[in-house]
Amino acid sequence: MAKYSDDLIEEIRQSNDIVDVISQYMNLKRSGRNYFGLCPFHNEKSPSFSVSPDKQIFHCFGCGVGGNVITFIMKIEGCSFVEAIQMLAQRANIQLPTLENNQDSARELLKSKVYKVNEFAAEFYHKNLYTPTAKMGQEYVKKRQLSNETLKAFKIGYSGKFNELYMALKKEGFQDQEILESGLVNKNNNGTYIDRYRNRLMFPICDVRNRVIAFGGRVLDDSKPKYINSPENVVYSKGRHLFGLNVAKKDDIKKLLIVEGYMDVISLHQRGITNVVASLGTALTQQQGFLLRKNTNQVILSFDSDDAGLEAKKRAIDILQNMGIDLRVLQIEGAKDPDEYIKKYGNVRFQKLVERAISVVEFKVKILKKDLNLENVNDKIKLLNEIAKLLSKIDNTMEREVYIEKISDTYNISKEAIYAEVNKLSYSIKQSDKLLEKNKKVIIRPIKQNIEVEQSILKRENMILSLLLKGNLNIYQIIKQNIKYEEFKDEVNKKIAKKLYEEFEKGNSNINGILDKLEDEEQSHITEIMSDEYELDNVEKAIDDVIHGYQRDKLTNRKLEILSSLEENLEENKRKELEKELNELIIQLAKMK
């Protein structure tokens, strides 16, 4: 099947600086020539995730993952190569040719069909809401005072009975495989196709590109469960999307409110609060955090004020706190959620409440105070010690200064005392981090062969690859004349060398383009080598040294083979032949010292 051309892929890659792209998802700080941050692909306390603006690659020295800007998007978004290309092309305003009938794979073709099934279903449900058979749905939206404009903005609909959607989909020409994959229809043991959603108010879930990817269905009587959500499938992963983000993005979203459910988003939107989204029936995930980081500057947590809402806030803070987002917490009093608050006190008062949303530190202090009696000296000391722990984890000096000033005034304790405790804890944390760095385990790739490859050989092979990764065809010609890729001992190195040799033979020396043709393990190994910063003052001498060492080891290994053979019972002619070769080898090795 046809794919996007290599030239187009290269144009898209060059139009998306890797530092700019990755900075949308995580905090990066410059250190020397590279940028560093906490790896988004594994938990860590000290930054080991490196991004090279010069080489346009990333590599984590903790978990070993690495690649280029396309690889990063595939991993962080959980998408295919084609989807990553499409996202980066859109970001760079590059028009892509249509691949309507030439998908990258059978899976991509199935996904395109499921998107169409979902789009048809959303329209089908929406139109059904306005029919006489949808009386229960009409009464509910009227009760919630949802306007026709809001119903259209969110494509809210109503599902019918038994297999109405299935029959409509079949009539439209959709095949059973794509219908079942969408999760909108089930097939029972008797082979009968039945709609998953029946007599429910329907909420289409869209991605940021406004494609319908899933549905939520709310029951309108006393049936259980209250909500049914689409199962995960080829186009939908609930932990990677936010309900309402596609609608919120139509306006400038410098800040986003996160609420708990579909109706919370829709009700607020109805009342003019359009910068609001919800997680999809689950605790906020890291992937949703990346999505927030990418689309807004400030996030305000606005979960319900009950115990479940409090726990949801704590989990969300744990996820979002290290992402460099301006994170705040809405404090609602006199109502259980934003919708109820607006109904009671009005839109203007709610907007003022949003403006007064407190910081994470203030929220955590408020939680700490809840179970303490500050008239009690021991409780007050306990609170101040816990506050000092919170402040010791703040890197920004100015932010820490503001909090210390405020705490000093609030609790009538000298700033000097607070500084002393905070500095003591900060020093302790830094020392612990240094210890972790010293004791950090080196990631060793498992070698997928029985022969154990010596570290000296691995080091030399890595140096050879490092020289080849400079993308210089002249260097390649020199190395190729002396070293065959089949002679590499490490299997991963051999695969990489083979691919480099093949591409260089075609005249292709675009290393970032070659990266796209490699497996994950091979990409990670290449980025590790490229990140090791082999600073070579004299490339020609480095090539000579590598080839010299390679040839010397080759001769030494042959010498050992001959010595081993001479210990056996050999014919006289064979023995003399080996002895002659051995003498020649000894002379050659002597000259190479």
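Residues numbered from 1 in each chain as written. Predicted model: local features only at pLDDT ≥ 70, side-chain atom pairs only at ≥ 80, totals over all residues. Heavy atoms only, no water.

## Focus: the overall build of the chain
Of the regular secondary structure elements, the chain holds 26 helices and 16 strands. For 593 residues, the compact-globule estimate of 2.2 N^0.38 gives 25 Å, and the chain exceeds it by more than 25% at 31 Å. Taking the principal axes of the C-alpha coordinates as reference, the chain spans close to 105 × 75 × 45 Å. The buried share among the 593 residues of the chain stands at 47%. Excluding contacts between residues fewer than 6 apart, the proportion of contacts in the chain whose partners are at least 24 apart in sequence is 64%. Summed over its atoms, the accessible surface of the chain is roughly 31,600 Å², and 47% of this surface lies on carbon and sulfur atoms. Taking the average location of the 93 positive side-chain charges in the chain and that of its 89 negative ones, the two points are 5 Å from each other. (Helix = DSSP H or I, 4+ residues; strand = E, 2+ residues; numbered from the N terminus. Rg over C-alpha atoms; globule rule 2.2 N^0.38 Å. Buried < 20%, exposed > 50% of the residue type's maximum accessible area, 1.4 Å probe, protein only. Contact = heavy atoms within 4.5 Å. Areas by Shrake-Rupley, 256 points an atom, 1.4 Å probe, with all protein chains shown as cover. Lys, Arg positive; Asp, Glu negative; His and termini not counted. Charge placed at Lys NZ, Arg CZ, Asp CG, Glu CD.)

## Some words on the nonpolar core
Residues I22, F49, V51, I73, L292, L301 and L320 are the most contacted members of the largest nonpolar core, which totals 58 residues. In terms of residue count, the dominant contributor to this core is helix α4 (residues 81–91) (six residues). Beyond its immediate chain neighbours, meaning those up to four positions away, V51 contacts I18, V19, I22, L28, N34, Y35, I57 and F58. (Core = buried A, V, L, I, M, F, W, Y, C linked by side-chain atoms within 4.5 Å.)

## As for the pattern of salt bridges
Applying the stated rule across the entire model yields 26 salt bridges. Here D339 and R144 are joined by a salt bridge, their closest N and O atoms 3.4 Å apart. With D339 in helix α14 (residues 338–345) and R144 in the loop between α6 (135–143) and α7 (148–153), this residue pair connects regions lying 195 residues apart in the sequence. Neither D339 nor R144 differs from the other in exposure class; each is buried. Here E421 makes a salt bridge to K424, at a shortest N to O gap of 3.3 Å. Of this pair, E421 and K424 both sit in helix α19 (residues 415–439), three residues apart, roughly one helical turn. Exposure remark for E421: the relative accessible area of 24% places this residue in the partly exposed category. (Salt bridge = Lys/Arg side-chain N within 4 Å of Asp/Glu carboxyl O.)

## Quick word on the environment of F72
You can see F72 is positioned in helix α3 (residues 69–77). Along the sequence, F72 and V21 sit 51 residues apart, while their C-alpha atoms lie 9.0 Å from each other.

## Some words on the sheet that holds strand β12 (residues 255–259)
With mixed pairing, five strands are arranged side by side in an open sheet as β13-β12-β14-β15-β16. Two strands in the sheet have a free side with no partner beyond their single neighbour: β13 (276–278) and β16 (358–359). With four bridges connecting them, β12 and strand β14 (residues 298–301) associate as parallel partners. When the sheet's bridge partners are listed, L256 is paired in β14 with V299. (Pairing = 2+ DSSP bridges.)

## Focus: the state of the cysteines
This structure, assessed with the given rule, holds zero disulfides. Here C39 stays unpaired: no disulfide links it, and the sulfur of C60, its closest cysteine neighbor, is 3.7 Å away. Of all cysteine sulfurs in the structure, the one in C60 sits closest to C63, which takes part in no disulfide; the separation is 3.7 Å. The exposure class of C63 is partly exposed, given its relative accessible area of 33%. (Disulfide = S-S within 2.5 Å.)

## Looking at the packing of helix α16 (residues 360–370) against helix α17 (residues 377–392)
Their axes nearest at 10 Å, the elements α16 and α17 cross at an angle of 155 degrees. What the angle tells us is that α16 and α17 run roughly antiparallel. Like other packed secondary-structure pairs, α16 and α17 cross with a definite hand, here right-handed. Seen from α16, the contacting residues are V361, K364, V365, L368 and K369; seen from α17, they are L383, E386, I387, L390 and L391. Within the contact of α16 with α17, the residues separate by chemical class into seven nonpolar, no polar and three charged. (Axes fitted to C-alpha atoms, helices over the stretch in contact; angles between N-to-C directions. Parallel < 35°, antiparallel > 145°, perpendicular 65-115°, else oblique. Left-handed = near helix turned anticlockwise from the far one by under 90°. Nonpolar A, V, L, I, M, F, W, Y, C, P; charged D, E, K, R; others polar.)

## Concerning the side chain of R271
Along the chain, the position of R271 falls in the loop between α11 (262–270) and β13. Only 3.2 Å separates the side chain of R271 from the side chain of D339, close enough to count as a polar contact. Beyond its immediate sequence surroundings of up to four residues, R271 is in contact with Q145, D339, I342, K343 and N347. (Polar contact = N/O pair within 3.5 Å; in protein donor to acceptor, adjacent residues only side chain to side chain.)

## Overview of unusual backbone geometry
A cis amide bond links K224 with the next residue in sequence, P225, at an omega value of -5 degrees. When you line up the elements, P225 lands in the loop between β10 (212–219) and β11 (227–229). One non-glycine residue, K155, lies in the positive phi region at around 55 degrees. Note on placement: K155 falls in the loop between α7 and β6 (157–158).

## Digging into the sheet that holds strand β2 (residues 34–37)
Read from one edge of the open sheet, five strands run β1-β2-β3-β4-β5, paired in antiparallel fashion. Every other strand in the sheet has two partners, leaving β1 (29–31) and β5 (66–67) as the edge strands with one partner each. Bridge analysis of strand β4 (residues 57–60) against β5 gives two bridges, and the strand direction is antiparallel. In the sheet register, H59 faces β5, and the bridge partner there is G66. Packing against the sheet, helix α24 (residues 520–531) makes contact with β4 and β5, and its axis sits at approximately 95 degrees to β4.

## A word on helix α1 (residues 6–14)
Of the positions making up α1, those classed as buried are L8, I9, E10, I12 and R13. Packing partners of the buried residues in α1 comprise α3, α4 and α23 (511–515).

## Notes on the confidence of the model for the chain
Averaged over all residues, the pLDDT of the chain equals 84, while 91% of them reach at least 70. With pLDDT under 50 throughout, residues 435–451 is counted as low confidence; its partners more than four residues away or in other chains account for 20 contacts. (pLDDT = per-residue confidence, 0-100.)

## Some words on the packing of aromatic side chains
To describe a pair of aromatic rings, one takes the distance between the centres and the angle between the planes. Applying the stated criterion to the full structure yields 23 aromatic pairs. Where F203 meets Y262, the ring centres are 5.3 Å apart and the plane angle is 25 degrees; that geometry is what we call stacked. Here F203, found in strand β9 (residues 200–206), pairs with Y262, found in helix α11; they are 59 residues apart in sequence, far enough to count as distant. Y262 matches F203 in its accessibility class, with the two residues each being buried. Following the ring pairs from residue to residue traces out a cluster consisting of Y25, F41, F49, F58, F72 and F290. (Phe/Tyr/Trp six-rings, centres within 6.5 Å; stacked < 30°, edge-to-face > 60°.)

## Examining the environment of I76
Among the secondary structure elements, I76 is positioned in helix α3. Through-space distance from the C-alpha of I76 to that of R240 is 9.4 Å; in sequence the pair is 164 residues apart. Other than its neighbours up to four places away in sequence, I76 contacts Y25, P40, F41, R240, Q287 and F290.

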